[in-house]
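A look at the structure
One letter stands for each residue in the lines below.
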Amino acid sequence: NAGVTQTPKFQVLKTGQSMTLQCAQDMNHNSMYWYRQDPGMGLRLIYYSASEGTTDKGEVPNGYNVSRLNKREFSLRLESAAPSQTSVYFCASRAQGLVGNQPQHFGDGTRLSIL
Amino acid sequence: DQQVKQNSPSLSVQEGRISILNCDYTNSMFDYFLWYKKYPAEGPTFLISISSIKDKNEDGRFTVFLNKSAKHLSLHIVPSQPGDSAVYFCAASGGGGGADGLTFGKGTHLIIQP
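The following paragraphs examine the structure supplied in this document. Only a predicted model underlies this, so the values are computations on that prediction, with no experimental measurement involved.

Let's shift gears to the state of the cysteines. Scanning the entire structure with this criterion turns up two disulfides over all chains. Across a sulfur-sulfur distance of 1.9 Å, cysteine 23 of chain A and cysteine 91 of chain A are joined as a disulfide pair. Taking the sign of the torsion about the S-S bond as the criterion, the disulfide between cysteine 23 of chain A and cysteine 91 of chain A, at about -75 degrees, is left-handed. In this pair, cysteine 23 of chain A sits in strand β3 (residues 19-25) while cysteine 91 of chain A sits in strand β9 (residues 87-94), placing the two residues 68 residues apart along the sequence. By relative accessible area, which is 3% here, cysteine 23 of chain A ends up buried. The disulfide bridge from cysteine 23 of chain B ends at cysteine 90 of chain B, spanning 2.0 Å between sulfur atoms. With the S-S bond torsion at -75 degrees, the cross-link from cysteine 23 of chain B to cysteine 90 of chain B turns out left-handed. Taken together, the residues cysteine 23 of chain B in strand β3 (residues 19-25) and cysteine 90 of chain B in strand β9 (residues 86-93) connect sequence positions 67 residues apart.

Next up, the structure:
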């Protein structure tokens, strides 16, 4: 019963390096999300994808790109990593309910440090 | 400006007693509210939610209350158990602006003391 799976769990990068964070869900959910969490803060939305083939910016999109590869997978790319992007990154997915709202379900996060 | 506020960074409660976690919001367009529980090194786990058309939702030991006029919601845990020790996040959706996704508070660290 995997749910939302994120890889890698930990990563250290040097400033200027690029990296792609992977996320996959096995719940047949339409919507997928990327958040970041900084110390003492709540989660903040980076990008989301309401359905396969669509992506939209969230609250803090600068410095990131995303790809909704298929219904299961939603990746987050840092083209040129900066120390300000040191954070814990969470991926989430959500079903689109026939009636009412549905909660988001989260992966266990990727802890990213940029030196 | 923070649209979802959890003003208590931490809360300590004795085992068996009631835990009450509070959350305030400023955006009157929010129409769905959720509580998540988070253990260290894990992702947030969905706990309970409430739609803006209701004022109470109950699930076992957990009850969420919504006061729309005060823009306030609370999570009650009765009775509190040691496994409830975690960080609790309040979140909201439907805030307008066209963006999907949740707006989170900063969290309250609940400590259940034996």
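To continue, consider the sheet that holds strand β1 (residues 4-5) of chain B. Residues and elements named next belong to chain B. Pairing is antiparallel across the open sheet formed by five strands, whose spatial order is β1-β3-β8-β7-β6. Across the chains shown, the open sheet's two edge strands, defined by having one partner strand only, are β1 and β6 (56-59). Direction of pairing for strand β7 (residues 62-67) relative to strand β8 (residues 72-77): antiparallel, over a ladder of six bridges. Considered in β8, the bridge of phenylalanine 62 is made with isoleucine 77.

Calculation notes
Residues numbered from 1 in each chain as written. Chains lettered and ligands numbered in written order. Predicted model: local features only at pLDDT ≥ 70, side-chain atom pairs only at ≥ 80, totals over all residues. Heavy atoms only, no water. Disulfide = S-S within 2.5 Å. Helix = DSSP H or I, 4+ residues; strand = E, 2+ residues; numbered from the N terminus. Buried < 20%, exposed > 50% of the residue type's maximum accessible area, 1.4 Å probe, protein only. Pairing = 2+ DSSP bridges.

On their own, these measurements won't tell you what the molecule is for.
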